[in-house]
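Listed below, chain by chain, are the residues.
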Amino acid sequence: MPVMLILGIESSCDETGIALYSTDPDGGLLAHALHSQIVMHQAYGGVVPELASRDHIRRVVPLVRKVLAESGRSLSEVDAIAYTQGPGLAGALLVGAAFAEGLATALGVPTVPVHHLEGHLLSPLLSDTPPRFPFIALLVSGGHSQLMRVAGVGAYQLLGETLDDAAGEAFDKTAKLLGLPYPGGAALADLAATGRPGLVKLPRPMLNSGNLDFSFSGLKTAVLIKVREIGTPDEQQRADIARGFQDAIVEVLVKKSMRAVMDSGLAQLVVAGGVGANQELRRQLDAQAAKARIAVFYPKLEFCTDNGAMIALAGGLRFAAGMSVKPAGAFAVRPRWPLADALA
Ligand code: KG4
Ligand code: ZN
């Protein structure tokens, strides 16, 4: 197959991400650019969908220009445009989808609608030392917590998932309870670093459930009860609670991930999604995996949270495999879209 140049567009939530990916083995990711709306949404304590959509409109063209300039390529060289079709915020998705379909129509090239989680799942392939199929993936983002068996592009088997809150959601809600700004995951991790281990004991939900499912909403409630017991926790008490929370969630994620890998008979674990940026999770996973002779792969930190590179990559791999490619023009977004419905 000739070398293809794919423009990737991510706009499912509060980050506009654009990237250019070449299917040439020596090419790969040529350039990428990102605008995060976090500061804009912080004043409201969470993402405001309408503001998100309007900001994507403002950012998408300048970011495409930036990526083209950085890579030294021109629009006329683009062979296909990949974009996040879902899941995500309907209005935000519509901006990326409408822009992608419009530009592709003007250029006379096809489009590749991509599932956002597939982007996260494949993002470790952008690393210098990527995993090889098949591998087990722990996908922990703001909206999802899942364990999957990944046999190839479009070949994903769900092994377990959260029954309620996602891990990132639990981090964000707990951070809010402790008075930290949105999105609280990274801030809570920073606070936990000064917390004392073992002082605040919290439950390990479903640790011994005998399956690979998770449940995190009870953990957040346990934190709420702790905070109420104390009344107005001081800085050290808040840090101790953060530490207790992080230790609980990390222990569950690590144990279930290790179990998933052991059960599968495979020797590679991939961690993807925003919570994969958590240093304590990485430290403990690395320690356990080393003991069990399992290799753990993480996306580069910048590709853990939402970005255009993973969408350009997933689009490029799908395009090369002749999957999901369609003529530019008519489109629909899929705000709710189970990954199982987006297989090969
Ligand atoms: O994958 P992502 O960027 O967006 C979704 O697709 O949802 O994940 C965002 C989530 C947020 O919940 C955020 O708080 C969490 O990832 N997160 C972290 C850390 N950095 C981001 N959670 C724990 N520790 C971190 N260092
Ligand atoms: Zn995401």
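Structure first, text after, so check above.
Here we summarise the structure given alongside this text. This is a predicted model, so every value here is computed, not measured.

**As for the site of ligand 1**
Here's step 1: Not every one of the 18 residues close to ligand 1 is listed here, only the nearest: Gly 142, Asp 172, Gly 185, Gly 274 and Asn 278.
Here's step 2: Residue His 120 places a side-chain N or O atom 3.2 Å away from an oxygen atom belonging to ligand 1.
Here's step 3: Asp 306 places a main-chain nitrogen or oxygen 3.1 Å from an oxygen atom of ligand 1.
Here's step 4: Bound to the protein, ligand 1 loses 85% of the 560 Å² it would expose on its own.
Here's step 5: Elements represented by at least two residues in the shell around ligand 1 include exactly helix H4 (116-122), helix H5 (167-177) and helix H6 (185-192).
Here's step 6: A total of 3 residues in the shell around ligand 1 trace back to one element, the largest contributor, which is H5.
Here's step 7: Within the shell around ligand 1, the residues separate by chemical class into 5 nonpolar, 11 polar and 2 charged.
Here's step 8: No fewer than three residues from each of domain 1 (5-122 + 304-342) and domain 2 (133-298) sit in the shell around ligand 1.

**Quick notes on the pattern of salt bridges**
Here's step 1: Counted according to the given criterion, the structure contains 15 salt bridges.
Here's step 2: Arg 318 is the salt-bridge partner of Glu 118, the closest N and O atoms lying 2.7 Å from each other. With a gap of 200 residues between them, Glu 118 in helix H4 and Arg 318 in helix H10 (residues 309-320) connect regions that are remote in the sequence. Neither residue differs from the other here; Glu 118 and Arg 318 are each classed as buried.
Here's step 3: Of the charged contacts, one joins Lys 220 and Asp 165 as a salt bridge, the two residues approaching to 3.1 Å between their closest N and O atoms. In this pair, Lys 220 sits in helix H7 (residues 217-230) while Asp 165 sits in the loop between strand E8 (155-161) and H5, placing the two residues 55 residues apart along the sequence. In this structure, Lys 220 and Asp 165 share a single accessibility class: buried.
Here's step 4: By sharing partners, the salt bridges in this structure join Asp 165, Glu 169, Lys 173 and Lys 220 into a single network.

**Some thoughts on the coordination of the zinc ion (ligand 2)**
Here's step 1: Distances from the zinc ion (ligand 2) to its protein donors, namely His 116 (NE2), His 120 (NE2) and Asp 306 (OD), fall within the range 2.0 to 2.1 Å.
Here's step 2: Each of the 4 donor atoms bound to the zinc ion (ligand 2) contributes to angles spanning 96 to 131 degrees, and the resulting shape is tetrahedral.
Here's step 3: Considered as a linear motif, the donors of the zinc ion (ligand 2) on their single chain read H-x3-H-x185-D. Placement of the pair is His 116 in helix H4 and Asp 306 in the loop between strand E10 (295-297) and H10, with a sequence separation of 190 residues. Across this residue pair, the class does not change: His 116 and Asp 306 are buried.

The rules we used
- Residues numbered from 1 in each chain as written.
- Chains lettered and ligands numbered in written order.
- Predicted model: local features only at pLDDT ≥ 70, side-chain atom pairs only at ≥ 80, totals over all residues.
- Heavy atoms only, no water.
- Near = heavy atom within 4 Å.
- Polar contact = N/O pair within 3.5 Å; in protein donor to acceptor, adjacent residues only side chain to side chain.
- Areas by Shrake-Rupley, 256 points an atom, 1.4 Å probe, with all protein chains shown as cover.
- Helix = DSSP H or I, 4+ residues; strand = E, 2+ residues; numbered from the N terminus.
- Nonpolar A, V, L, I, M, F, W, Y, C, P; charged D, E, K, R; others polar.
- Domains from an automatic or database assignment.
- Salt bridge = Lys/Arg side-chain N within 4 Å of Asp/Glu carboxyl O.
- Buried < 20%, exposed > 50% of the residue type's maximum accessible area, 1.4 Å probe, protein only.
- Donors = N, O, S within 2.8 Å, 3.2 Å for Na, K, Ca; no water.
- Tetrahedral: all angles 85-135°; square planar, octahedral: opposite > 155°, others 65-115°.

All we've got here are geometric facts, nothing functional implied.
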